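As a plain string of letters, each chain reads:
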Amino acid sequence: MKKTLLIAGFAALMGTSAMADGIGVSMALFDDNFLTVLRNGMDAKGKELGVSLQIEDAQNDVAKQLDQINNFIASGVTAIIVNPVDTSATQAMSDAAAAANIPLVYVNRQPINVDTLPDNQAFVASNEVDSGTLETIEVCAQLKAAGKDKANVYVMMGELSNQAAVQRTADIHDVMAAGKCVVELTIIDEQTANWSRDQAQTLMTNWLSSGTAFDGVIANNDEMAIGAIQAMKAANIDMKSVVVGGVDATQDALAAMQAGDLDVTVFQDAAGQGAGALDAAIKLSKGEAVDQKVYVPFQLVTPANVADYAAKN
């Protein structure tokens, strides 16, 4: 049964008893702010439900992640949850789990085979078509509010092997092509900074060295937006003169927004995704049917409503 379900939370989890024992979880990377919130939320929910989770760090290594999945299968876990390192490499993971008849749930990052998942596999995340769209439309609106009819921006992309990075970047171009940007937007350059604050700071520093005038930065995530901000502040750029957007609404991003440095972010419910993935894994391990695509809505965050999100991620 393949359906798409828009949901805001997972209240049903609260009544779930401990019906699964030993769920293997492979996270793409522990050293990532958003994924840490997701992982911690999943771990906390597992403890609340009395479900044992074995959480492993794939360290951004596809081969290591596949080894972890095979090890989970060999150890006889009742279900597997995967936050993929490379979303184009998930077919082999699905095949391995299917061959062993062990349920598998992808979380946060959309697998390339999302539309052909077996009945005992599912995907829980937020719809990336909304993330970059919300971000870009609001960046345009703030540029317009600053009195600009034309604006030049830089675009920072996440890891190019990641579906979220590809989609969020496509969203920017789609907003422009559809005429949804209220200013005439020109992209000066777009390059990957691999979701990394440090790499984004270096990239922004390089862009600044060209001396090209610009009005804003649209980043695929908050970490890169923060790195860009750090580079601009180091160059003594008045942050009020530029509009900077990101995605995730991490605590660091919200702090940057409250400080007047970050102008736009999009809340991605890490705890909701983690809880939803665990809920799906438990149900699949019991042989129950679940919706194969579970989308937790993105929400726009600006200085006007930032206080509402202070404790959410």
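Quick summary incoming for the structure in this document.

What counts and how
Starting from 1, residues in each chain are numbered consecutively following that chain's sequence as written. Where local features are concerned, this predicted model is filtered to residues with pLDDT of at least 70; where side-chain atom pairs are given and counted, the filter is 80 or more; whole-chain, interface and lining totals use all residues. The side-chain values count all of the structure's non-hydrogen atoms but skip hydrogen atoms and water molecules. Strands are runs of DSSP state E lasting at least two residues, helices are runs of H or I lasting at least four, and both sets are numbered from the N terminus onward. Only protein chains enter the accessibility calculation, which uses a 1.4 Å probe. A residue is then buried if its area is under 20% of the maximum for its type, exposed if over 50%, and partly exposed in between. Distance and chemistry together define a polar contact, namely a pair of N or O atoms within 3.5 Å, with one atom able to donate a hydrogen and the other to accept it when in protein, and with adjacent residues in sequence counting only for side-chain atoms on both sides. Between two residues, a contact is recorded if the distance between any of their heavy atoms is within 4.5 Å. Working rule for helices: expected span equals 1.5 Å times residues minus one. Within this analysis, the arc is defined by the directions that extend from the helix axis to the C-beta atoms.

A word on unusual backbone geometry. In the Ramachandran plot, Asn-108 falls in the positive-phi region, its phi being about 75° despite a non-glycine side chain. Within the fold, Asn-108 resides in the loop between β5 (104–107) and β6 (121–125). Assessed through its relative accessible area of 8%, Asn-108 is described here as buried. Positive phi is not limited to glycine here, since Asp-248 has a value of about 130°. Inspection of the secondary structure assignment puts Asp-248 in the loop between β10 (243–245) and α8 (251–258). On the basis of relative accessible area, Asp-248 is assigned to the buried category, the value being 7%.

Turning next to the side chain of Ser-126. Mapped onto the elements, Ser-126 comes out in the loop between β6 and α4 (128–145). Reaching out from Ser-126, the side chain makes a polar contact with the backbone oxygen of Val-296 at a distance of 2.5 Å. Leave out the neighbours within four places in its chain, and Ser-126 touches Gln-268, Gln-273, Tyr-295, Val-296 and Phe-298.

A word on helix α1 (residues 33–49). Given a rise of 1.5 Å per residue, 17 residues ought to cover 24 Å, and the 24 Å separating the end C-alpha atoms of α1 matches this to within 8%. Here α1 has its buried residues at Phe-34, Leu-35, Leu-38, Arg-39, Met-42, Lys-45, Gly-46 and Leu-49. Projected onto a plane normal to the axis of α1, the buried residues spread over an arc of 135° and lie on a single side. The inward-facing, buried residues of α1 abut β2 (23–27), β3 (53–57), β4 (79–82), β5 and α9 (270–285). Capping of α1 at its N-terminal end is provided by Asp-32; its side-chain oxygen lies 3.1 Å from the backbone amide nitrogen of Phe-34. Looking at the residues trailing α1, positive phi occurs at Gly-50, about 75°.

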